[in-house]
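Chain residues, written in single-letter form:
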Amino acid sequence: YKVAGGLHGVGVSVVNALSEKLELEICRDGQVWQQSYLDGVPQAPIEVVADSEKSGTKIRFSPSPSIFPNRKFDIDLLAKRLRELAFLNSGLSITLVDISNNASQEFNYSGGISSYVEHLNKTKTPLHQEIISLTSSKSNIEVQLSLQWTDSYHETCFCYTNNIPQRDGGSHLSGFRSGLTRTFNQFVEKQLSTIKSKPNKVESLVSKFKWALHLPPSKAALPEPKPEWSSSFLTEATTSGFIAIPR
């Protein structure tokens with residue numbers, strides 16, 4: 001990560017503590033480092049085993065049967081999260097392999113969150129084919145936004161900060177709602193000022209915008225250096241700087 005989100009993962013130390021076996025391999029600075037653990041205990045100091053021009057980390061672990069009676073992974077749940085990460089990180093390629101049946105899934109979306117909105121709306125009827133995408137930044141905080149209206153009467157909104165989902169939204173969503181409402185209000189006022197002598201058209205215009213003011217299927221993703229949260233569960237972003245940017 002270029003920036004971190006805080007307590008959004010248990011970390012490899014906890015994974016190691018809950019595993020009967022964990023193998024760690026790190027490619028860095030032209031060398032390959034390895035270390036293995038059994039029941040959380042290192043079997044030897046970390047050591048250099050080869051030279052390599054690659055970079056990255058590979059971790060293999062097996063959950064401890066004494067802690068997890070059912071050690072079968074939920075492939076659908078893993079696929080959902082990995083697909084989400086591929087949407088949030090345009091150009092990133094993630095491969096999920098189920099070795100129990102030799103099945104694999106590839107996740108790579110060059111369209112980023114625009115592709116995410118397209119995926120969310122694949123069972124709906126869009127009212128406009130082109131997905132609206134916006135990017136803005138302020139005070140070293142970047143906001144990415146994609147949205148599309150459909151024939152659905154229910155809104156669908158997904159908010160993220162540094163790849164972390166905010167189930168309860170937060171200041172970034174409040175800023176987006178405020179900016180969207182203000183923009184529509186300004187547009188309606190401008191249009192009404194030109195057709196005051198035609199009340200039938202005024203009624204038609206206002207009724208359409210009442211419907212359109214429902215928040216459309218959208219997703220906002222914010223890379224933020226120092227995010228603030230309402231709790232340790234990270235379900236709501238409270239960073240004060242968020243609210244001004246989507247506006």
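Note that the coordinates shown come from a computational prediction; the quantities given were computed from them, not determined experimentally.

**Re the pattern of salt bridges**
Once their charged atoms are close, side chains differing in charge can pair, the charge on each being opposite to the other. Per the stated rule, a full pass over the model turns up five salt bridges. Note that Glu23 is salt-bridged to Arg60, the shortest N-O span being 3.6 Å. Pair noted here: Glu23 is in strand S1 (residues 19-28) and Arg60 is in strand S5 (residues 56-63), with a separation of 37 residues, a long-range link. One salt bridge connects Glu84 with Arg81, and the closest N-O pair in it is separated by 2.5 Å. Note that Glu84 and Arg81 are positioned in helix H2 (residues 75-88) at a spacing of three residues, about one turn of the helix. For Glu84, a relative accessible area of 9% puts it in the buried group.

**A short note on the packing of aromatic side chains**
Summed over the entire model, instances satisfying the criterion amount to five aromatic pairs. With 6.4 Å between their ring centres and 80° between their planes, Phe61 and Phe73 make a pair best called edge-to-face. With Phe61 in strand S5 and Phe73 in the loop between S5 and H2, this pair connects stretches of sequence that are 12 residues apart. Cluster of aromatic residues (ring-pair linked, three or more members): Phe87, Tyr109, Tyr116, Phe158 and Tyr160.

**Digging into the environment of Leu92**
Considering the arrangement of structural elements, one finds Leu92 in the loop between H2 and strand S6 (94-98). When near neighbours in sequence (up to four residues on either side) are disregarded, Leu92 contacts Leu85, Ala86, Phe107 and Asn108.

**Here we look at the pairing of strand S10 (residues 157-161)**
Relative to strand S11 (residues 164-165), S10 runs antiparallel, the two being bridged by two bridges. Among the inter-strand pairings, Thr161 is bridged to a residue of S11, identified as Ile164. A loop of two residues connects S10 with S11, the two strands running antiparallel in sequence, and Asn162 in this loop sits at a positive phi of about 50°.

**Topic: the confidence of the model for the protein**
Per-residue pLDDT for the protein has a mean of 78; in total, 74% of the residues score no lower than 70. Between residues 199-220, whose pLDDT stays under 50, and residues either more than four places distant or in other chains, the model counts 58 contacts.

Conventions we followed
- Residues numbered from 1 in each chain as written.
- Predicted model: local features only at pLDDT ≥ 70, side-chain atom pairs only at ≥ 80, totals over all residues.
- Heavy atoms only, no water.
- Salt bridge = Lys/Arg side-chain N within 4 Å of Asp/Glu carboxyl O.
- Helix = DSSP H or I, 4+ residues; strand = E, 2+ residues; numbered from the N terminus.
- Buried < 20%, exposed > 50% of the residue type's maximum accessible area, 1.4 Å probe, protein only.
- Phe/Tyr/Trp six-rings, centres within 6.5 Å; stacked < 30°, edge-to-face > 60°.
- Contact = heavy atoms within 4.5 Å.
- Pairing = 2+ DSSP bridges.
- pLDDT = per-residue confidence, 0-100.

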